[in-house]
Structure formats: C-alpha cells, structure tokens
Amino acid sequence: MHSVRFVILAPAALAFAIAAGSAHAAVLNLMAPVGGANLYAIHDFTAPSSDVEGAVVAGGNVTISSYSINHNNKDAFGTDGYALVAGGNLALQGGSIENGKAYVGGTSALTWAATPDMSTTNPVDFKAASSYYKGVADALSDLDPTGSVTRLWSGVKVTGNGSGGV
C-alpha cells in the first residue's frame with residue numbers, strides 16, 4: 001500500500017485518459033469531488049505572499065498571509081459560488097477572498113482582510129474526496145513513467161513524452 005500526501009492543482013479543463021490494459025481508456029475527472037477549485041489540499045493549506053486565482057478547497061486548516069483567493073472569479077461548484085471551502089479553521093492575515101462565499105468548518109480569524117460572505121453549508125465530503133484522490137494516486141503510481149517531473153523555481157515542471165496511453 002502506498003502512503004500518499006499531495007496537493008492537486010487542478011485547472012478547470014484538466015482531465016486525464018488512462019489506458020487500463022485494453023483498447024478502451026477511462027476519463028479521470030479530477031474535478032468531481034471538489035467542484036471547479038484551482039487548488040485542493042487533502043489536509044492543511046498554508047502559504048505566504050501569493051495568490052490562487054480561482055477557488056481553494058482544503059480538508060483541514062487554511063493559514064494564509066498577504067494572499068488573494070479567487071481574483072479571477074473561478075469559483076467552485078458553479079452557481080453555488082464558493083471561493084473557499086476549509087474543513088478546519090481559517091486564518092487570513094492581509095489579503096482577500098473574492099468573488100464568492102466561504103465555508104469554514106472551524107473558526108475564522110481575519111486580520112487586515114475583508115470578511116467574505118460566509119456559508120454554513122459544506123459542499124465537500126472531505127472523507128470521500130480524500131479517498132478518491134488517494135485511489136487516483138495509487139492507480140497512477142502503478143503506470144510506467146512516460147515523462148519527467150523536475151523542480152522549477154517554486155513549483156514543478158511536468159513534461160510528458162506522449163507515449164503510454166496517458
């Protein structure tokens with residue numbers, strides 16, 4: 001059994017086709033459990049001095065400073081309009097949560113930040129989402145590599161070679 005801890009950065013148009021040893025490929029929808037979020041963290045999400053231009057969904061605490069969320073109005077869950085969904089607490093020191101409402105499962109501490117519209121309805125089943133993404137990671141780890149992943153500044157560069165059915 002693989003132990004996997006990861007964050008999926010998922011643009012709205014992202015989908016993978018996985019060949020399962022036959023001529024048919026299955027489409028893997030990474031958006032289903034977390035709507036149209038640009039960032040999904042299974043556990044906590046912590047970041048200083050940056051932004052996510054779409055929605056953020058985190059199963060645990062969200063701790064951010066000098067940070068902007070959803071400036072480009074790419075909220076999760078369509079007409080429900082969630083800019084942020086946090087299963088735990090929210091701590092925001094300087095910054096903004098824009099163009100949508102926020103759900104926080106714990107407490108909210110906002111310093112030098114406007115309070116977004118808050119929702120009492122959690123749109124994410126975090127246990128099911130975590131299980132889903134861990135299953136996806138396990139399935140993908142069984143495939144042969146068809147490219148490379150290298151560190152690039154503060155992120156990663158993923159380069160595929162177009163082989164392997166992925």
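Just so you know, these numbers come straight off a predicted model, no measurement behind them.

S.K.: Explain the overall build of the protein to me, please; I cannot follow it from the model alone.
M.R.: Within the protein one finds one helix and 14 strands. Looking at the protein as a whole, 35% of its 166 residues are labelled buried. Across the protein, every contact between residues at least 6 apart in sequence was considered, and the portion connecting residues at least 24 apart equals 42%. Taken as a whole, the protein presents about 9500 Å² of accessible surface, with 53% of it coming from carbon and sulfur.

S.K.: For this particular structure, what's the right way to read the sheet that holds strand S7 (residues 62–69)?
M.R.: For sheets, the rule is that strands pair by backbone hydrogen bonds, running either parallel or antiparallel. Taken in spatial order, the four strands make up an open sheet running S5-S7-S9-S11, and their pairing is parallel. With partners counted over all chains shown, the strands left at the sheet margins are strand S5 (45–52) and strand S11 (108–113), one partner each. Adjacent strand axes in the sheet meet at a mean angle of 10°, parallel and antiparallel pairs treated alike. The pairing of strand S9 (residues 90–97) with S11 spans five bridges and is parallel.

S.K.: What is the right way to look at the pairing of S7 in this model?
M.R.: The two faces of the sheet receive side chains in turn, since in a regular strand these alternate between them. Strand direction decides the pairing type here: S5 and S7, joined by seven bridges, are parallel. Within the sheet, the bridge partner assigned to Thr46 lies in S7 and is Thr63. Of the pairings in the sheet, the one linking S7 to S9 comprises seven bridges and is parallel in character. Pairing of Ser68 across the sheet is with Ser96, part of S9.

S.K.: I tried to follow the environment of Ser119 on my own but got confused; where do I start?
M.R.: Tracing the backbone shows Ser119 in strand S12 (residues 118–119). Looking at Ser119, its side chain comes within polar contact range of the main-chain nitrogen of Thr121, at 3.0 Å.

S.K.: How should the nonpolar core be read in this particular structure?
M.R.: Inside soluble globular proteins, nonpolar side chains tend to come together where they are buried. Phe45, Val62, Ile64 and Leu84 are the most contacted members of the largest nonpolar core, which has 20 residues in total. Among the secondary structure elements, those contributing two or more residues to this core are strand S4 (39–41), S5, strand S6 (56–58), S7, strand S8 (82–86), S9 and strand S10 (101–104). The dominant element in this core, judged by the number of residues it contributes, is S7, at four residues. Each residue touching Val62, except ones within four places of it in the same chain, is listed here: Phe45, Leu84, Ala86, Asn89, Leu90 and Ala91. Of all hydrophobic cores here, the second largest spans 18 residues; its members include Leu28, Leu30, Ile42 and Val136.

S.K.: Looking at this model, I keep getting lost on the packing of aromatic side chains. Mind explaining?
M.R.: For the coordinates displayed, the defined rule picks out three aromatic pairs. On the basis of an interplanar angle of 75° and a centroid distance of 5.2 Å, the ring pair of Tyr132 and Tyr133 is categorised as edge-to-face. Judged by relative accessible area, which is 1%, Tyr133 ranks as buried. Positioned above the aromatic ring of Tyr82 is the side chain of Lys101, whose terminal nitrogen or guanidinium carbon lies 4.9 Å from the ring centre.

S.K.: Looking at this structure, how should I read the environment of Ser108?
M.R.: Structurally, Ser108 can be placed in strand S11. Counting along the chain gives 19 residues from Ser108 to Asn89, while the straight-line C-alpha distance between them is 5.9 Å. Non-local contacts of Ser108, meaning those with residues more than four positions away in its chain, are made with Leu90 and Met118.

S.K.: Can you walk me through a nonpolar patch on the surface in this structure?
M.R.: Together, Val149, Val156 and Val158 make up a nonpolar patch on the protein surface, roughly 320 Å² of accessible area in all. Along the chain, the position of Val158 falls in strand S14 (residues 155–160). Overall, Val158 belongs to the exposed group, its relative accessible area being 65%.

S.K.: Even after reading the chapter, I still don't get unusual backbone geometry, so can you show me in this structure?
M.R.: Most peptide bonds take the trans form, and the phi angle of most residues other than glycine is negative. Not every positive phi belongs to a glycine, and Ser49 is a case in point at roughly 50°. Locating Ser49 in the fold gives a position in strand S5. By relative accessible area, which is 56% here, Ser49 ends up exposed. Located in the positive-phi region is Asn99, a residue other than glycine, with phi close to 55°. When you line up the elements, Asn99 lands in the loop between S9 and S10. Overall, Asn99 belongs to the partly exposed group, its relative accessible area being 38%.

What counts as what
- Residues numbered from 1 in each chain as written.
- Predicted model: local features only at pLDDT ≥ 70, side-chain atom pairs only at ≥ 80, totals over all residues.
- Heavy atoms only, no water.
- Helix = DSSP H or I, 4+ residues; strand = E, 2+ residues; numbered from the N terminus.
- Buried < 20%, exposed > 50% of the residue type's maximum accessible area, 1.4 Å probe, protein only.
- Contact = heavy atoms within 4.5 Å.
- Areas by Shrake-Rupley, 256 points an atom, 1.4 Å probe, with all protein chains shown as cover.
- Pairing = 2+ DSSP bridges.
- Axes fitted to C-alpha atoms, helices over the stretch in contact; angles between N-to-C directions.
- Polar contact = N/O pair within 3.5 Å; in protein donor to acceptor, adjacent residues only side chain to side chain.
- Core = buried A, V, L, I, M, F, W, Y, C linked by side-chain atoms within 4.5 Å.
- Phe/Tyr/Trp six-rings, centres within 6.5 Å; stacked < 30°, edge-to-face > 60°.
- Lys NZ or Arg CZ within 6 Å of the ring centre and 35° of its normal.
- Patch = residues over 30% accessible without salt bridge, like charges linked within 9 Å, V, L, I, M, F, W, Y side chains within 5 Å.
- Salt bridge = Lys/Arg side-chain N within 4 Å of Asp/Glu carboxyl O.

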